Every structure is written in structure tokens, then in C-alpha cells.
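Per-entry structural report
Below, each chain spelled out in residue letters.
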Amino acid sequence: MRVSTAYSFESSVSALQRRQEEMSRAQQQMTTGKRVERPGDDPTAAAQVERALVEESRGRSMLRTLDASRNVMTLTESALGDAGDLAQRAREALVAAGNGGYSGNERLTMANQLKELRNQLFAVANQQDGAGNLLFGRQGNTSGPYVDNGSSVTSAANGGGLAGSNVENLPLSIDGPQVWLQVGSGNGVFETSAGTTATPNTGSGWVSAGSVTDPSAWNALASHSYSVAFTQDPSTGALSYSVTDDATGSAMADANGNTSFAYQPGKAITVVPGISFAVSGTPDASSDSFHVGESTPDLNVFKALDRAVAALSNPNANNGQVMQAVNAGISDMDQVLGSFQSARAMVGETLNRLDGVESRTGGRILAAQTTRSNVEDVDMVQAISEFTNRQTSYQAALQSYSMVQKLSLFNYISG
């Protein structure tokens, strides 16, 4: 085979260029620490890297949403704590207002205190976070979750609480109306009241909030609406009462079949199965009545305080009307406190759940980073060894080229 001088030179130059390219690539990998820098280096590995990058990006986005949710829930938990303290102070003011020795001016002082507590609760309900988002807002809110029109407080939004992630359900607000406007009335199972809106009681009697003695017996009743009416013996003046089922119009009977009972102030009325309540004071037999109905989730925190304020501010209210307002107000505040405590417990559990979400998300990000590193990062020891080998190979090629250059025919003749 005949090898020309031109072919030898061309082969040597090509070998030099390949060695130089290989050494440059090894140097680049060693410098960047990356084995795969572009899809052409390893298409399969490049696809794995892209998937890992997407997963890592999703995880970091989740962490940002989680931080926002944790901030809102922390502020909400603190706000509910403040609301609970205010409601407790309102309850204490109502207990004090029930003092029979208080004058009208002293009760008016308590009413003014309740007004101030009500205004503070309204401010808490409309509290915002540092970004201007409403803690107790809901979907669609634009002007604030609650609006005070003077006679009542209503929600200006529709829907439920906001969430920052459908996957993990990271809340950015809680459904405030369930806390402020939809509390269970009465004692949470049934509700007592005095008189009606059309014919309010005029006597000095009042009814307690009552308690549940047998939940199954109460739940088994076909009707949950009853009325208590009084009659007076014209000769002795003694009062007696009867309890009527509003659905059927029939009087309730005890175990002995009695439907009329001697009235003793403060004694528990237990003729309705499963519940117990008491009427105190001196009802007016000719006009007064008391009612028992099923609890409904429509107790408005602000309206409850407004009712108490109106009753305590009325200089013409008799002792029975004041005590009825006080007892109803205390019962309402007990329900409100229970609502605040339940919401606060729910928020606390949410904060615990967020810690778990953060841990899981951090694990996903670490797994994605590990996958990406395993695929695209270079083994530095191997890279250094590879570079050294390529460098040695390139130097050998240079020496070989310099020797081939001297084998020219012209060099031989001139020698």
C-alpha cells in the first residue's frame, strides 16, 4: 500500500483534532461537573433530567403556597384566640348585668361595654394578613367578608374558604360565616324563647337555655316544637302550666297521664322526653308563653350581642325581660365560644397537617434532585482520570505528528 506524504499529514492532523476535541470535552465535564449538558449528549438521560426538573419546580411551588397558607393559618389562629377572649368578656358582662340590684344606668353601662366588645369582634372578623387578604374571607369577596348595615351584619361573599392547592388543599382562608354567622342557636340541640315577636311577654318570668338529658329520646320525637302556657287559680292565685306539642296541638303528659303541673319557679320541666328546662320568676298567666324549638345553624354573633344590648338599654324593661335577655345572651355566648374554639382547633390541626405536607414535599424535591444528579452529574474522580488520559493521548499525538513531519522526501534529500 502506498502512503503519500499528504495522506500522512492529513491523518495526523485529523488525529490531533479528535484528541483535542476529546480532551476539550473531558475538560468541560470536569469544569462544569455535568455529564449531560445538552440533549445530544444522552437523549434518554436528558428526558429524565427534564422530568426531574419539572417535579422539583412543582415541589418548590408547593412550598411557596404552603408558606402562604401557614402564614394565614397562624394569623387566623391568633385572631380566633382574640375573638374567644372578647366573647368571654362579653359573657362575663352579661353575667354581671343579671345582678338584680343593678339600676337602669348600671345596666346601660354594661350595654355600652357590650357594644364596644361587639365592635372589636367585628374588627377581628374583617382582619387581614400582611398582603391585604381577608383571614375570614370567602370566594368572590371584593368589599370584605362582613358588612355592618346598622341593624345586622351580613357576609359580602359567596362560596367556601379559599385554597391554594387542589392536591393538598392548602387553605388561604377559612369559611368565616360558619364561625360568625352560622352558629347553632340555643344550646346546640334545642332553643328556648319567651313570648313571640307579635305578643312579647309582660310578666317577670324567664326561661333557661335548658339541657339534653337523653339525646336518643329527643331525636326520636316526631315534633321538636313545644309551647308552655300558664293558668292561674282565681281563688288561690297559684300558677300551673301545661306543655303543648305545636305540631299536633295536644298536651304532653307525664308517666302518670297528668297534663297540668303545679308551677314552681326554677324547677326543671321534664315532660318533653329527652330534655330539661326551667321557668323562673312570675309569668303572667293571661299573656305569657314560652317556647322550645329545634336548634338551627343561624345564630349571628353580632345580632346576638345587639339583642342583649337592646334589652339592657331599655329603661322600661322589667326584671323578667332583663333576666330573659341575660340568660339568652349567656347561652348565645356559650355557643359562640364553642364555635370559636372548634374553629381554632381546626386551624391548629391544619397547621399540624401543613408540617406533614412540608415534609412530604421536601422529600419529593430531594428525590427529584437525587435523580437529576445521578443522571446528569459526572463522577469527578472518573472525570479527572478521563481528562488525564485524554491529555496524555493528545500529547502523544503531537509528538507523533512532529515525527511524521520529519519523514518527508524533501527532508531526506536535503539531509
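Above this note sits the structure.
What comes next concerns the included structure. (Residues numbered from 1 in each chain as written. Predicted model: local features only at pLDDT ≥ 70, side-chain atom pairs only at ≥ 80, totals over all residues. Heavy atoms only, no water.)

1. Points about the packing of aromatic side chains
The criterion, for reference: Any pair of Phe, Tyr and Trp rings, taking the six-membered ring for Trp, is counted once the centres come within 6.5 Å. Such a pair is stacked with planes under 30 degrees apart, edge-to-face with planes over 60 apart, and tilted for the rest.
As enumerated under the stated definition, the model contains ten aromatic pairs in all. A network of ring pairs unites the aromatic residues Phe122, Phe136, Tyr146, Trp180, Phe302 and Phe340 as a single cluster.

2. Brief notes about the environment of Gly130
The test is simple: Helix and strand labels come from DSSP, where a helix needs a run of H or I of at least four residues and a strand needs a run of E of at least two; each type is numbered from the N terminus. Classification of residues uses two cut-offs on accessible area relative to the type maximum, computed with a 1.4 Å probe and protein chains only: under 20% is buried, over 50% is exposed, and between them is partly exposed.
Structurally, the position occupied by Gly130 is in the loop between helix H3 (104-125) and strand S1 (146-148). Gly130 gets classed as exposed once you look at its relative accessible area, which sits at 83%. As for Gly130 and Asn71, which are separated by 59 residues in sequence, their C-alpha atoms are 9.2 Å apart.

3. Considering the packing of H3 against helix H6 (residues 301-313)
Threshold: Axis angles are defined between N-to-C directions and span 0 to 180 degrees, where every axis is a line fitted to C-alpha atoms and, for a helix, only to the segment in contact. Here the angle decides the label: under 35 degrees means roughly parallel, over 145 means roughly antiparallel, 65 to 115 means roughly perpendicular, and every other value means oblique. The crossing is said to be left-handed when, going from far helix to near helix, the turn is anticlockwise and less than a right angle, and right-handed when the turn is clockwise. Contacts: residue pairs with any heavy atoms within 4.5 Å of one another. When residues are sorted by character, Ala, Val, Leu, Ile, Met, Phe, Trp, Tyr, Cys and Pro go into the nonpolar class, Asp, Glu, Lys and Arg into the charged class, and all the rest, Gly among them, into the polar class.
One can describe the packing of H3 onto H6 by two numbers: an axis separation of 8 Å at closest approach and a directional angle of 165°. By the angle class used here, H3 and H6 are roughly antiparallel. Judged by the twist between their axes, the crossing of H3 over H6 is left-handed. Of the residues in H6, those touching H3 at Arg107, Leu108, Ala111, Leu114, Lys115, Arg118, Leu121, Phe122 and Ala125 are Val301, Phe302, Leu305, Asp306, Ala308, Val309, Leu312 and Ser313. Its residues assigned to classes, the contact of H3 with H6 shows twelve nonpolar, one polar and four charged.

4. Examining the sheet that holds strand S11 (residues 289-294)
Selection rule: Think of it this way: DSSP has to see at least two bridges between two strands before they count as a pair.
An order of S3-S11-S6-S7-S8 is seen for the five strands of this open sheet, with the pairing classed as antiparallel. Of all strands in the sheet, those bounded by a partner on one side alone are strand S3 (190-194) and strand S8 (261-262).

5. Observations concerning H3
How we decide: To estimate the expected span of a helix, subtract one from its residue number and multiply by 1.5 Å. Our arc is simply the arc of the directions from the helix axis toward the C-beta atoms.
Compared with the 32 Å implied by 1.5 Å per residue over 22 residues, the 31 Å span of H3 between its first and last C-alpha is a close match. Taken together, the buried positions of H3 are Arg107, Met110, Ala111, Leu114, Leu117, Arg118, Leu121, Phe122, Val124 and Ala125. All buried residues of H3 fall inside an arc of 150° around its axis, so they share one side.

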